[in-house]
Amino acid sequence: MHYQGDYYWGYYMPTRSIGSDPMERVVKLASEKAVVIFSLSSCCMCHAVKRLFCGMGVNPTVYELDQDPRGKDLETALMRLLGNSQPLPVVFIGGKLIGAMDRVMASHINGTLVPLLKEAGALWL
Amino acid sequence: MANHRVGETGLADSGPSSNHHHHHNIPYAVLHGMNVPPSFMHQEGSAFDFGELEEAIVLQGVKIRNDEAKPPLFTAGRPAATLEMFPSWPMRFQQTPRGSSKSGEESTDSGSGVNTISSKTENQVEPESPISKKTSSLDQQQQVEMASDISRTGTSQNQSAAAKTPQEKRRGSTSEKQLDAKTLRRLAQNREAARKSRLRKKAYVQQLESSRIKLTQLEQDLQRARSQGFFLGGCAGTVGNISSGAAIFDMEYSRWLEDDQRHMSELRTGLNAHLSDSDLRIIVDSYISHYDEIFRLKVAAAKADVFHLITGMWTTPAERCFLWMGGFRPSDLIKMLISQLDPLTEQQVMGIYSLQHSSQQAEEALIQGLEQLQQSLTDTIAGGPVIDGMQQMAVALGKLANLEGFVRQADNLRQQTLHQLSRILTVRQAARCFLMIGEYYGRLRALSSLWASRPRESMMSEDHSCQTTTELQMVQPSQNHFSNF
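Residues numbered from 1 in each chain as written. Chains lettered and ligands numbered in written order. Predicted model: local features only at pLDDT ≥ 70, side-chain atom pairs only at ≥ 80, totals over all residues. Heavy atoms only, no water.

## Describing a nonpolar patch on the surface
What counts, and what does not: Patches draw on residues past 30% relative accessible area with no salt bridge. Two like charges within 9 Å are joined, as are two nonpolar side chains (Val, Leu, Ile, Met, Phe, Trp, Tyr) within 5 Å. Areas reported here follow the Shrake-Rupley algorithm with a probe of radius 1.4 Å; residue values treat only the protein chains shown as occluding. The salt bridge criterion pairs a side-chain nitrogen of Lys or Arg with a carboxyl oxygen of Asp or Glu, the two atoms within 4 Å. Secondary structure elements are taken from DSSP: a helix is a run of H or I of four residues or more, a strand is a run of E of two residues or more, and numbering for both begins at the N terminus.
The grouping of Tyr 204, Val 205 and Leu 208 of chain B at the surface amounts to a nonpolar patch, some 290 Å² of accessible area in total. Relative to the elements of secondary structure, Tyr 204 of chain B occurs in helix 11 (residues 181–227).

Next up, the structure:
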């Protein structure tokens, strides 16, 4: 699991800042790494999704929004994106939105998750 | 009657005219092992007059009553009712006139006995019942029994109350008779013991009655609940304590089970009739939507009462035993099916195994998430410094709400697994597969009810038989061991 160093410590380097629009930030962060998870450190479902990827041998990039000073904005943006009042955890693979836990589970069961991971370079045979 | 003891008790004056019953040399009480005061044991020669004994007791009671100057508590009507059962009995016990009061002053050692008797002045007509029960053809037996019973069960008032015979009046002169203290004490104690046992019996009967009423009420409630369609097949605990969300789901689930039966018979006939693939596909798809429906219902149920789902109170005991997050465990189901789904193409085999693998990974992730939830909850409510109890509880409640999410994800996993199976398999295979699933759970449910109604005694005898065989096996080597000696 890879936590964005500067982000994780709540320290936002100006060179990395794109804009004040949270949605843009979401998109930017999601496309930087193969597997991106927006999560809450205290949420147990978030913990479950992290364990799922680790169990598969994937090293996801996790953004704990409760530890980010602008996390609330990102959370609101994700809410709008998903049309859901509880957007977290949410998973992006290869910059593409996969969805919340139920979508991730469904895609794993129906066999579409692994090819996506391979395509994004997060999983090798 | 030259009865020295009798004389002491004031019976000496009674003439033979008063005796209208048999005379035996052996006192009746001794013959029948009654508790006879030793004073009456020493008679020899002349036959003992039991009638005079009873009269003495009665008169003693009368004297006490008069001494105490208490109003007679006897109402004339009641003893008459019982005594009339035995019209052949002489009516010996009646209220006596004042003339009997002389008997008390003459004795000294009956003084203490008087006090003990007079202190017990409650029951009215009770002595009549034990008396009336003992129906005997012999007057003497009756009268001795009456005497001893009255002395044991009645109070002084009762004794006097029971006294109705005309002879009583004739015997006014016998009022001087006394009983010694020991006898009186014993009689009083017997009375008290009898009274206590009567009260205990009454209390017990009352308790039985109220329990019976409660039982019929419970049965009525149960009947009413059953008629309203509650699912009680070996699960849902006490009807009164079920939540409305749980009750609704139980009803829906029982209806779903009935539909399940229908779908299964459709599958069976479809397979046996060798329908075309397209026709069979319709049946299979309807079965899948049948399962989709229960998952939909479970979403609402999880929101309403997650504990009802997670504890498996909606299922039968055997199902509950293997319950995983409020339902079946997908990898276990696939394991069950794998051997029965032959023949499978290689691609299908790979598909099934990868399905099993991914469901295992998903299950593991959910288990770890649930573990973290439990840990977090424990941290919240376990010991340590309690800064704000209510706040702690509020936080804990918030965490507990996450259970719903896990049950939903588990159901989601189950639904996706069934869908994936139908994609991997051909139509015929899928039809067989779903039939197998339905039959498996049907058998599990049947196992639950069989288990509930199994005969316990035969189970025990099986245990014994196992034991004896091992004992026999153990005997053999020891015998060989000892054969050398």
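## Brief notes about the pattern of salt bridges
All names here are of chain B. Going by this rule: Only protein chains enter the accessibility calculation, which uses a 1.4 Å probe. A residue is then buried if its area is under 20% of the maximum for its type, exposed if over 50%, and partly exposed in between.
One pass over the structure, following the stated rule, counts 17 salt bridges over all chains. Ionic pairing is found between Arg 281 and Asp 285, a salt bridge with its closest N-O pair at 3.4 Å. In this pair, Arg 281 and Asp 285 are both assigned in helix 13 (residues 277–304), 4 residues apart and thus about one turn of the helix distant. Residue classification places Asp 285 among the partly exposed positions, given a relative accessible area of 37%. A salt bridge links Asp 332 to Lys 335, with the nearest nitrogen and oxygen atoms 3.7 Å apart. Pair noted here: Asp 332 and Lys 335 are both in helix 16 (residues 330–338), with a separation of 3 residues, about one helical turn.

## Here's the deal with the packing of aromatic side chains
Rules: Stacked, edge-to-face and tilted labels apply to pairs of Phe, Tyr and Trp rings (six-membered ring for Trp) whose centres lie within 6.5 Å, assigned for plane angles under 30 degrees, over 60, and everything in between, in that order.
Across all of its chains, the model carries 12 aromatic pairs over all chains by this definition. Ring geometry for Phe 38 of chain A versus Tyr 63 of chain A: centroids 5.4 Å apart, planes at 25°, classification stacked. Pair noted here: Phe 38 of chain A is in strand 2 (residues 35–39) and Tyr 63 of chain A is in strand 3 (residues 61–64), with a separation of 25 residues, a long-range link. In this structure, Phe 38 of chain A and Tyr 63 of chain A share a single accessibility class: buried. Centre to centre, the rings of Phe 249 of chain B and Tyr 253 of chain B are 6.1 Å apart; their planes meet at 15°, and the pair counts as stacked. Separated by 4 residues within a single helix, Phe 249 of chain B and Tyr 253 of chain B lie in helix 12 (residues 244–272), roughly one turn from each other. Each of the two residues, Phe 249 of chain B as well as Tyr 253 of chain B, counts as buried.

## Considering the pairing of strand 3 of chain A
Looking down a regular strand, the side chains alternate between one sheet face and the other. Residues and elements named next belong to chain A. Inclusion rule: Strand pairing requires that DSSP identify at least two bridges connecting the strands.
Side chains of strand 3 alternate between two faces, with Thr 61 and Tyr 63 and Val 62 and Glu 64 buried alike. In the sheet, strand 2 pairs with strand 3 via 4 bridges, with the strands oriented parallel. Bridge assignment links Val 36 to a residue of strand 3, and that residue is Thr 61.

## Here's the deal with helix 2 (residues 22–32) of chain A
Put simply, the test is: Working note: the arc is built from the helix axis to C-beta atom directions.
Residues of helix 2 of chain A that are buried: Pro 22, Arg 25, Val 26, Leu 29 and Ala 30 of chain A. On an axial view of helix 2 of chain A, the arc spanned by its buried residues comes to 125°, and they lie on one face.

## Description of the layout of surface pockets
For clarity, the cut-off: Throughout, the protein atoms alone are placed on a 1 Å grid, and a set of points is a cavity if a 1.4 Å probe fits but cannot get out or a pocket if it is open with protein on both sides within 12 Å along at least five of seven lines; lining residues have an atom within 4 Å of a point. Grid points are joined across faces, edges and corners, and a volume is the space filled by probe spheres set on the points. Residues were grouped as follows: Ala, Val, Leu, Ile, Met, Phe, Trp, Tyr, Cys and Pro as nonpolar; Asp, Glu, Lys and Arg as charged; and all remaining residues, including Gly, as polar.
Taken as a whole, the largest pocket spans an internal volume of roughly 820 Å³. Cys 43, Met 45, Gln 86 and Leu 88 of chain A together with Asn 402 of chain B are the residues nearest the centre of the largest pocket, which is lined by 28 residues in total. Those elements that provide at least two residues to the lining of the largest pocket are helix 3 (44–55) and helix 5 (101–109) of chain A together with helix 17 (346–381), helix 18 (389–400) and helix 19 (402–424) of chain B. For the lining of the largest pocket, the element with the most residues is helix 19 of chain B, which contributes 5 residues. Along the lines of polarity and charge, the residues of the lining of the largest pocket split into 11 nonpolar, 11 polar and 6 charged.

## Observations regarding the interface of chain B and chain A
Operational definition: In this description, contact between two residues means that some pair of their heavy atoms is separated by no more than 4.5 Å. For any pair of parts, buried area is found by adding up, for both, the accessible area (1.4 Å probe) each one loses once the two are put together. Under the rule applied, a polar contact is a pair of N or O atoms within 3.5 Å (in protein, one hydrogen donor and one hydrogen acceptor; residues adjacent in sequence only if both atoms are side-chain atoms).
Contacts between the two partners involve 21 residues from chain B, matched on the other side by 18 residues from chain A. Taken over both partners, the interface formed by chain B and chain A buries close to 1600 Å², and the fraction arising from carbon and sulfur atoms is 66%. Of all residues in chain B, Gln 361, Gln 372 and Gln 409 of chain B give up the largest surface area on contact with chain A, accounting jointly for 29% of the area buried on that side. The interface formed by chain B and chain A holds 0 salt bridges in total. Here chain B and chain A share 4 residue pairs in polar contact (both at pLDDT 80 or more) between them. Where the side of chain B that touches chain A is concerned, the elements lending two or more residues are helix 17 and helix 19 of chain B.

## What about the confidence of the model for chain B?
Residues and elements named next belong to chain B. To be explicit about the condition: pLDDT expresses, on a scale from 0 to 100, how confident the predictor is about each individual residue.
When pLDDT is averaged along chain B, the result is 72; 53% of the residues meet or exceed 70. For residues 40–47, every residue scores under 50 in pLDDT, and the model assigns this stretch 14 contacts once sequence neighbours within four places are set aside. Note on residues 93–139: pLDDT is under 50 here. Beyond four places in sequence and across chains, it has 131 contacts. Per the prediction output, this complex has pTM 0.57; the corresponding ipTM is 0.87.

## Remarks on the environment of Leu 341 of chain B
Residues and elements named next belong to chain B. As for its position among the elements, Leu 341 is in the loop between helix 16 and helix 17. Between the C-alpha atoms of Leu 341 and Met 436, which are 95 residues apart in sequence, the distance is 9.4 Å. Once you skip the residues sitting within four places of it in the chain, Leu 341 turns out to touch Ile 352, Leu 425, Gln 429, Arg 432, Cys 433 and Met 436.

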